Amino acid sequence: MPYVDETYSVCRPGTYYSVNEGDIIVTLPSIVKSKGISITMPPLSIINHKCETKIDTLSWIDGIEVSNKHKVNLHTEDQVNILLANIIVESPNIHSAYTLKWLLDGKMVNISRKETKNRKLVSILRNDENVLVGIDKERKSVELFVDNVLFKAFAYSLFYYVPLVII
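Residues numbered from 1 in each chain as written. Predicted model: local features only at pLDDT ≥ 70, side-chain atom pairs only at ≥ 80, totals over all residues. Heavy atoms only, no water.

(A) Fine view of unusual backbone geometry. With a phi angle near 55 degrees, lysine 35 is a residue other than glycine that sits in the positive phi range. Structurally, lysine 35 is set in the loop between strand S4 (30-34) and strand S5 (37-41). A relative accessible area of 77% places lysine 35 in the exposed class. One non-glycine residue with positive phi stands out, namely aspartate 78, at about 50 degrees. Position of aspartate 78 relative to the elements: it lies in the loop between strand S10 (72-74) and strand S11 (79-83). (Helix = DSSP H or I, 4+ residues; strand = E, 2+ residues; numbered from the N terminus. Buried < 20%, exposed > 50% of the residue type's maximum accessible area, 1.4 Å probe, protein only.)

(B) A look at the nonpolar core. Within the largest apolar cluster, 38 residues are counted, with the highest numbers of intra-cluster contacts made by Ile25, Leu125, Leu132, Val133, Phe151 and Phe154. Elements represented by at least two residues in this core include exactly helix H1 (95-104), strand S13 (108-112), strand S14 (121-126), strand S15 (131-136), strand S16 (141-144) and helix H2 (149-161). It is H2 that provides the largest number of residues to this core, a total of nine residues. Setting aside anything within four residues of it in sequence, one finds isoleucine 25 in contact with Val19, Leu44, Ser45, Ile46, Asp62, Gly63, Ile64, Val66, Ala153, Tyr156 and Ser157. (Core = buried A, V, L, I, M, F, W, Y, C linked by side-chain atoms within 4.5 Å. Contact = heavy atoms within 4.5 Å.)

Right, here's the structure in full:
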């Protein structure tokens, strides 16, 4: 749970186009001041030095910093473009999952049809027929089957809830 200061700025979900090492992914609603006004940042907001909304004061954020220690595997094999509907959140304590569901339910996304049945994945998000995001406990990694920047931010946010990194 990092601190941020006046050198940082915030991007709300849907207003950024990449997730980079050093970015902070907000995992629980957090309040910061910008231009003297308190604003609430929803889960999946990104804090970095490049966003437009500047932060005025030192703040503590419920979030996680993107690092190369966090292993996220994006599967791009055999992709198809589908209408994402009926997203099922299989881990109800992961708040950022509900933000993602609200933002992307009913949208078109590219999804990998890679076979996942032979792997021991703990499904975190799925729709009626596909695992969208899962955790591979043996590899200590998050497996991502949707090629979308918000899903990528969500994948990194899982490390806040499930510490898979061994130091």
